[in-house]
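# Structural characterization, general
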Amino acid sequence: EGMDSSESGRMELMSRAETFDLLTLTGGVTDLLAEGDLPVGFYKKIRLNVSEADMEFKDGTMADLKLESNKVDINVPFEIAQSESLVVTLDFEAGGSLHIVGTGSGKYILRPVVKAVRVSDPDPVDLPGPGDPNAPGDPNSPGDPNAPGDPNG
């Protein structure tokens, strides 16, 4: 089954709280939000739980950001196959997420806008495949004519 609105369809990847400075994650810089093992199946979305948020102005002063909801749902259908690894890259849109309430009220609301920008296999160098010079030899494949020490050569 996949992730859905019923409690039985949810899989938790990280239960501890982490703090991320989202504005440092620009220009292709990423950070690992969570990792874990998921059962084989189809998934419909990823949910981020956000407990608190704040922002720092250029002069160093801080302001709390009001959260209308402590969760962010990212609709990103994906499938986990047997013994498969996936990396899901998310993009937080800071400009579209911050809202200022009234003039001079000093209140700021965070309505996070997050999109999945890529679902991919991890770096292929982790899994040597055919034609990889570092891959273990296949005893059923024909020998390399340039390999040294071939007794049948």
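Counting of residues starts from 1 at the beginning of each chain's written sequence and follows it residue by residue. Reporting in this predicted model follows two pLDDT cut-offs: at least 70 for local features of residues, and 80 or more for side-chain atom pairs to be given and counted; totals over whole chains, interfaces and linings ignore these cut-offs and use all residues. Computation of side-chain values: all heavy atoms of the structure, hydrogens and water removed.

Secondary structure elements follow DSSP: runs of H or I no shorter than four residues count as helices, runs of E no shorter than two count as strands, and numbering proceeds from the N terminus. Of the regular secondary structure elements, the chain holds one helix and eight strands. Looking at the chain residue by residue over its 153 residues, the buried ones come to 15%. Only heavy atoms matter for contacts: two residues are in contact if any of them lie within 4.5 Å across the pair. Considering only contacts within the chain whose residues lie at least 6 apart along the sequence, 60% involve residues at least 24 apart. Carbon and sulfur atoms form 50% of the exposed surface of the chain, whose accessible area is close to 12000 Å². Buried residues are those whose accessible area, probed at 1.4 Å on protein chains only, stays under 20% of the maximum for their type, while exposed residues exceed 50% and partly exposed ones sit between those limits. Note that accessible areas follow from Shrake-Rupley with a 1.4 Å probe, and for residues the cover is restricted to the protein chains shown.

Patch members must show over 30% relative accessible area and no salt bridge, and they are joined within 9 Å when carrying like charges or within 5 Å when they are nonpolar side chains of Val, Leu, Ile, Met, Phe, Trp or Tyr. Any Lys or Arg side-chain nitrogen located within 4 Å of an Asp or Glu carboxyl oxygen qualifies as a salt bridge. We score Asp and Glu as negative and Lys and Arg as positive, and we do not count His or the chain ends. To locate a charge, take atom NZ for lysine, CZ for arginine, CG for aspartate or CD for glutamate. Taken together, the side chains of Asp 21, Glu 52, Asp 54, Glu 56, Asp 59 and Asp 64 present a region of like negative charge at the surface. One can find Asp 64 in strand β3 (residues 62-67). Since its relative accessible area comes to 65%, Asp 64 is described here as exposed.

Trans is the prevailing form of peptide bonds, just as negative phi is the prevailing case for residues other than glycine. One non-glycine residue, Ser 83, lies in the positive phi region at around 55°. Along the chain, the position of Ser 83 falls in the loop between β4 (71-80) and β5 (87-92).

Take the pairing of strand β7 (residues 107-110) next. Two strands are said to pair when DSSP picks up at least two bridges between them. Examined bridge by bridge, β3 and β7 share two bridges and lie parallel to one another. Residue pairing for β7: Lys 66 is matched across the bridge by Ile 109. Bridge count for strand β6 (residues 98-101) against β7 is four bridges, and the pairing is antiparallel. Across the sheet, the residue bridging to His 99 is Ile 109, located in β7.

So, on to the packing of aromatic side chains. Centre-to-centre distance and the angle between the planes together describe a pair of aromatic rings. Between the rings of Phe, Tyr and Trp (Trp by its six-membered ring), a pair exists once the centres lie within 6.5 Å; its type follows the angle of the planes, with under 30 degrees stacked, over 60 edge-to-face, and the other angles tilted. Taken as a whole and judged by the stated rule, the model has two aromatic pairs. Geometrically, the ring pair formed by Tyr 43 and Phe 78 is stacked, given 5.3 Å between the ring centres and 15° between the ring planes. With a gap of 35 residues between them, Tyr 43 in strand β1 (residues 41-49) and Phe 78 in strand β4 connect regions that are remote in the sequence.

Here we come to the pattern of salt bridges. It is possible for side chains of opposite charge to pair when their charged atoms get near one another. Within this structure, the stated rule accounts for five salt bridges. In this structure, the salt-bridge partner of Lys 115 is Glu 93, at a minimum N-O distance of 2.9 Å. In this pair, Lys 115 is assigned in strand β8 (residues 114-120) and Glu 93 in the loop between β5 and α1 (94-97), connecting sequence segments 22 residues apart. When its relative accessible area of 27% is taken as the criterion, Glu 93 is described as partly exposed. Put simply, Lys 45, Arg 47 and Asp 73 are held in one network by salt bridges that share partners.

Next up on the list: the environment of Glu 68. Here Glu 68 is to be found in the loop between β3 and β4. Sequence spacing of Glu 68 and Arg 111 is 43 residues, and the spatial spacing of their C-alpha atoms is 6.8 Å. Setting aside chain neighbours within four positions, we find Glu 68 in contact with Ile 109, Leu 110 and Arg 111. The term polar contact refers here to a pair of N or O atoms within 3.5 Å; inside protein, the definition further demands a hydrogen-donor-capable atom paired with an acceptor-capable atom, and it admits residues adjacent in sequence only when both atoms are side-chain atoms. Here Arg 111 takes part through its side chain, which lies 2.7 Å from a polar atom of the side chain of Glu 68.

By nonpolar core we mean a set of buried residues, namely Ala, Val, Leu, Ile, Met, Phe, Trp, Tyr and Cys, connected to one another through side-chain atoms within 4.5 Å. If you look at the biggest cluster of nonpolar residues, it comprises eight residues: Tyr 43, Ile 46, Val 72, Ile 74, Val 76, Phe 78, Ile 80 and Val 114. Looking at this core, the element that brings in the most residues is β4, giving five residues. With near-sequence residues (within four places) excluded, Phe 78 lies in contact with Leu 38, Gly 41, Phe 42, Tyr 43, Ile 46, Leu 86 and Val 119. The next biggest cluster of nonpolar side chains, apart from the first, holds seven residues, and it includes Ala 53, Met 55, Ala 63 and Leu 65.

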